[in-house]
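Overview (structure and organization)
Here is what each chain is made of, one letter per residue.
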Amino acid sequence: MAVLAMILPGRMCAQVAGLNTLSVLDMSTSARTAALGMDYLSVFDNDINIGIDNPSMIDKQYSNMLTFNYVGLFAGANMGSVYYGLGKSKLGAFVEGMRFNSFGRFDGYDENEVATGTFSANDYALSVGWGVHVDSNFSVGATVKPTLSQYEDYTALAVAFDVAGSY
């Protein structure tokens, strides 16, 4: 193992706790966007999920379009999203919605192994996205995402932003 550490020092890393808070922001909106790699999505078609993950792809064709995604995972965990295209204005097109991760219910214990009851762990992210086509080849967009994580008695709040341009 020591020989591998000397040969591949940049490739080896240990697990570090706390790097995945607000994990709902790393979640793909749909199976298609996950299959396309989630980053640098430049497919311009009638899939509103592409516009959620890349706001420069938000277009007026998403007007009155609704998408719902749900994945049931093991041990009561699940994740999903729901988004709606608001339509168009002189300022561009808009999409709003939310996504969630639910990690299920857990049995809580104190340091003396005395049961303290059950608790849940959940992440939620609201989103409002905007996109506009500047001309036939260039588009820009932005999304604001107020995010909440609740794990037992701990709560984290954040506001994330996505800004994108596509040529």
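A brief structural summary. Source: prediction; values computed, not measured.

Quick notes on the rules
- Residues numbered from 1 in each chain as written.
- Predicted model: local features only at pLDDT ≥ 70, side-chain atom pairs only at ≥ 80, totals over all residues.
- Heavy atoms only, no water.
- Phe/Tyr/Trp six-rings, centres within 6.5 Å; stacked < 30°, edge-to-face > 60°.
- Helix = DSSP H or I, 4+ residues; strand = E, 2+ residues; numbered from the N terminus.
- Buried < 20%, exposed > 50% of the residue type's maximum accessible area, 1.4 Å probe, protein only.
- 1 Å grid on protein atoms, 1.4 Å probe; cavity = no way out; pocket = protein on both sides within 12 Å on 5 of 7 lines; lining within 4 Å.
- Points joined across faces, edges and corners; volume = space filled by probe spheres on them.
- Nonpolar A, V, L, I, M, F, W, Y, C, P; charged D, E, K, R; others polar.
- Pairing = 2+ DSSP bridges.
- Axes fitted to C-alpha atoms, helices over the stretch in contact; angles between N-to-C directions.
- Core = buried A, V, L, I, M, F, W, Y, C linked by side-chain atoms within 4.5 Å.
- Contact = heavy atoms within 4.5 Å.

Overview of the packing of aromatic side chains
- Taken as a whole, this structure holds 2 aromatic pairs when the rule is applied.
- Aromatic side chains Phe-103 and Tyr-151 sit 5.9 Å apart centroid to centroid with 85° between the ring planes, which places their arrangement in the edge-to-face category. Residue Phe-103 is located in strand β3 (residues 92–109), and its partner Tyr-151 is located in strand β5 (residues 139–151); the two are separated by 48 residues in the primary sequence.
- Under the relative-accessibility criterion, Phe-103 is labelled partly exposed at 31%.
- Judged by its relative accessible area of 29%, Tyr-151 falls in the partly exposed class.
- Ring centres of Phe-106 and Phe-119 lie 5.5 Å apart, and the angle between their planes is 25°; this geometry places the pair in the stacked category. Linking Phe-106 in strand β3 with Phe-119 in strand β4 (residues 115–133), this pair joins segments that are 13 residues apart in sequence.
- Exposure remark for Phe-106: the relative accessible area of 34% places this residue in the partly exposed category.

Concerning empty space enclosed by the protein
- Following the criterion strictly, the structure yields 1 cavity of 30 Å³ or more and no others.
- In this model, the largest cavity occupies a volume close to 30 Å³.
- Every residue along the wall of the largest cavity is listed here: Gly-51, Ile-52, Ile-58, Tyr-83, Val-95, Ser-127, Gly-129 and Thr-143.
- If you list the elements that add at least two residues to the lining of the largest cavity, you get α3 (48–53) and β4.
- Classifying every residue of the lining of the largest cavity by side-chain character gives 4 nonpolar, 4 polar and no charged.

Overview of the sheet that holds strand β2 (residues 78–89)
- With antiparallel pairing, the 6 strands of this open sheet are ordered in space as β1-β2-β3-β4-β5-β6. A single partner strand is all that each edge strand has here, and the edge strands are β1 (66–72) and β6 (154–166). Averaged over all adjacent pairs, the angle separating strand axes in this sheet is 10°, with direction ignored.
- Judged from the 11 bridges that link them, β4 and β5 form a sheet pairing that is antiparallel. Bridge pairing links His-133 to Ser-139 in β5.

Overview of the nonpolar core
- In this structure, Ile-48, Ile-50, Ile-52, Met-57, Ile-58, Tyr-62, Tyr-83, Ala-93 and Val-95 together form the largest nonpolar core, which totals 9 residues.
- Elements supplying a minimum of two residues to this core: α3 and β3.
- Sorting elements by how many residues they give to this core places α3 first, with 3 residues.
- Contact partners of Ala-93, with chain neighbours within four places excluded, come to Ile-58, Asp-59, Lys-60, Gly-87, Lys-88, Gly-129, Trp-130 and Gly-131.

Limitation: the analysis is restricted to geometry and does not speak to function.
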